[in-house]
Amino acid sequence: MQKLLIKIPEYGIIRSIIISMEGTYFHSTCKANRQSIQKNGLKYTEIKNPFEIEDNKLDWLGMGIYLWGNLSDAVRWSYKLAKENKNTNFDYIIDNYDIYNVKVIYDIDNYLDLSTQYGNYQFNKYINECKKQMNANNIKHEINYEKYSTRFWVSLLDYYEFWNKSNIYFIGGNFAKRKEINYKYSELIESAEYQYCIKNKDIINKIELNNDDNNISEYLSFILERNGVYYGIRRKDQYNCKVF
């Protein structure tokens, strides 16, 4: 656990506190998975050898349980899943996709934010440590930073179990960032979807089906009206994390 030392200048007192984070995140999935989730919980995505799979077919945050930071992004993911099944009808999406609230509690040292400079510094540090281990074990691969993407390196760290060895149980980063012109409302909006991935199930405190039907319907109508183009919906569910 991380201990934060706080000095009170007037008295020269140093206090030590432990920083933990608690938040509710959102997971979209097919309704057909409901019984399995109720019985066994959420399922990890499969671990893959990144050297044996095309880069663009690797999950970008590697093995784990994928979450969104707000309900609106989770609804849009349901839309994308439905689009893959070639049916983006409002009733079809509502009837065939579930969203789960996932409460997680973790120490701040167990989280890595790939969208920050410090997170990238740590990420590259883990990559170099992994490469050293591979060389020590005579694992030979032609590794070139220019050739491989973030998803390759994340998957490589999964494959060699570096996340848990480094006590990183939860990672996140910007899933998409783009500027788009909304001609209907004549505005330029820069948007970023932030996605999370749980690397260790022990940080999960509670999983429950989301029953916020009104907001789900409102967000879905908004998304369908714009043909799925992301316009950065950010409302009351944007900031979901607290420190205690």
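Preceding block: the structure.
Quantities reported herein were computed from a predicted structural model and do not represent experimental measurements. (Residues numbered from 1 in each chain as written. Predicted model: local features only at pLDDT ≥ 70, side-chain atom pairs only at ≥ 80, totals over all residues. Heavy atoms only, no water.)

Undergrad: Give a detailed account of the overall build of the protein, specifying residues and quantitative values.
TA: Along the backbone of the protein there are seven helices and ten strands. Each of the 244 residues in the protein was classed as buried or not, and the buried ones make up 41%. Here the contacts in the protein between residues at least 6 apart in sequence split such that 74% fall between residues at least 24 apart. In the form shown here, the protein has an accessible surface area of approximately 14,300 Å², with 47% of it arising from carbon and sulfur atoms. (Helix = DSSP H or I, 4+ residues; strand = E, 2+ residues; numbered from the N terminus. Buried < 20%, exposed > 50% of the residue type's maximum accessible area, 1.4 Å probe, protein only. Contact = heavy atoms within 4.5 Å. Areas by Shrake-Rupley, 256 points an atom, 1.4 Å probe, with all protein chains shown as cover.)

Undergrad: Give me the packing of helix H4 (residues 117–136) against helix H5 (residues 150–159): which residues, what numbers.
TA: For the pair H4 and H5, the least separation of the axes is 10 Å and the interaxial angle reads 55°. With respect to H5, the axis of H4 lies oblique. Both H4 and H5 take part in a crossing whose hand is left-handed. Together, Phe 123, Tyr 126, Ile 127, Cys 130 and Met 134 of H4 and Thr 150, Trp 153, Val 154, Leu 156 and Leu 157 of H5 make up the contact between the two elements. (Axes fitted to C-alpha atoms, helices over the stretch in contact; angles between N-to-C directions. Parallel < 35°, antiparallel > 145°, perpendicular 65-115°, else oblique. Left-handed = near helix turned anticlockwise from the far one by under 90°.)

Undergrad: Give a description of the pairing of strand E5 (residues 97–107) that names residues and reports values.
TA: Each regular strand shows side chains that alternate between the opposite faces of the sheet. Across the eleven residues of E5, nine count as buried, placing the element largely inside the fold. Note that strand E3 (residues 20–30) and E5 share eleven bridges and pair antiparallel. Across the sheet, Phe 26 pairs through a bridge with Asn 101, a residue of E5. (Pairing = 2+ DSSP bridges.)

Undergrad: For the pattern of salt bridges, give the residues involved together with the corresponding values.
TA: Throughout the structure, instances matching the rule amount to seven salt bridges. Glu 22 is the salt-bridge partner of Lys 103, the closest N and O atoms lying 3.6 Å from each other. Within this pair, whereas Lys 103 is found in strand E5, its partner Glu 22 is found in strand E3, the two being separated by 81 residues in sequence. The partly exposed category is assigned to Lys 103, whose relative accessible area is 25%. Exposure remark for Glu 22: the relative accessible area of 18% places this residue in the buried category. Asp 158 is the salt-bridge partner of Lys 199, the closest N and O atoms lying 3.0 Å from each other. With Lys 199 in the loop between strand E8 (187–198) and strand E9 (204–209) and Asp 158 in helix H5, the pair connects residues that are 41 residues apart, well separated along the chain. The exposure class of Lys 199 is buried, given its relative accessible area of 4%. Each of Lys 31, Arg 34 and Asp 98 takes part in a single network of salt bridges with overlapping partners. (Salt bridge = Lys/Arg side-chain N within 4 Å of Asp/Glu carboxyl O.)

Undergrad: Describe the environment of Trp 60, naming the residues involved and giving the relevant values.
TA: Structurally, Trp 60 is set in the loop between helix H1 (34–40) and strand E4 (65–68). Along the backbone, Trp 60 and Thr 150 are 90 residues apart, and their C-alpha atoms lie at a distance of 6.9 Å. Look past the residues within four positions of Trp 60 in its chain and what remains in contact with it is Tyr 66, Arg 151, Val 154, Gly 173, Asn 174, Phe 175 and Gln 195. Within polar-contact distance, the side chain of Trp 60 engages the side chain of Gln 195 at 2.8 Å. (Polar contact = N/O pair within 3.5 Å; in protein donor to acceptor, adjacent residues only side chain to side chain.)

Undergrad: Talk me through the environment of Tyr 169; I want residue IDs and the actual numbers.
TA: Mapped onto the secondary structure, Tyr 169 falls in the loop between helix H6 (162–165) and strand E7 (170–182). A C-alpha to C-alpha distance of 7.4 Å links Tyr 169 and Ile 203, two positions 34 residues apart in sequence. Apart from residues lying up to four places away in sequence, Tyr 169 is in contact with Asn 110, Asn 164, Cys 197, Ile 198, Lys 199, Asn 200 and Ile 203. Among the polar contacts listed, one links the side chain of Tyr 169 to the side chain of Asn 167, at a separation of 3.2 Å.

Undergrad: Kindly report on unusual backbone geometry, identifying the contributing residues and their values.
TA: Keep in mind that most residues, glycine aside, have a negative phi and that most peptide bonds are trans. Even without a glycine there, the phi angle at Lys 86 is positive, about 60°. By secondary structure assignment, the location of Lys 86 is in the loop between helix H2 (71–84) and helix H3 (90–96).

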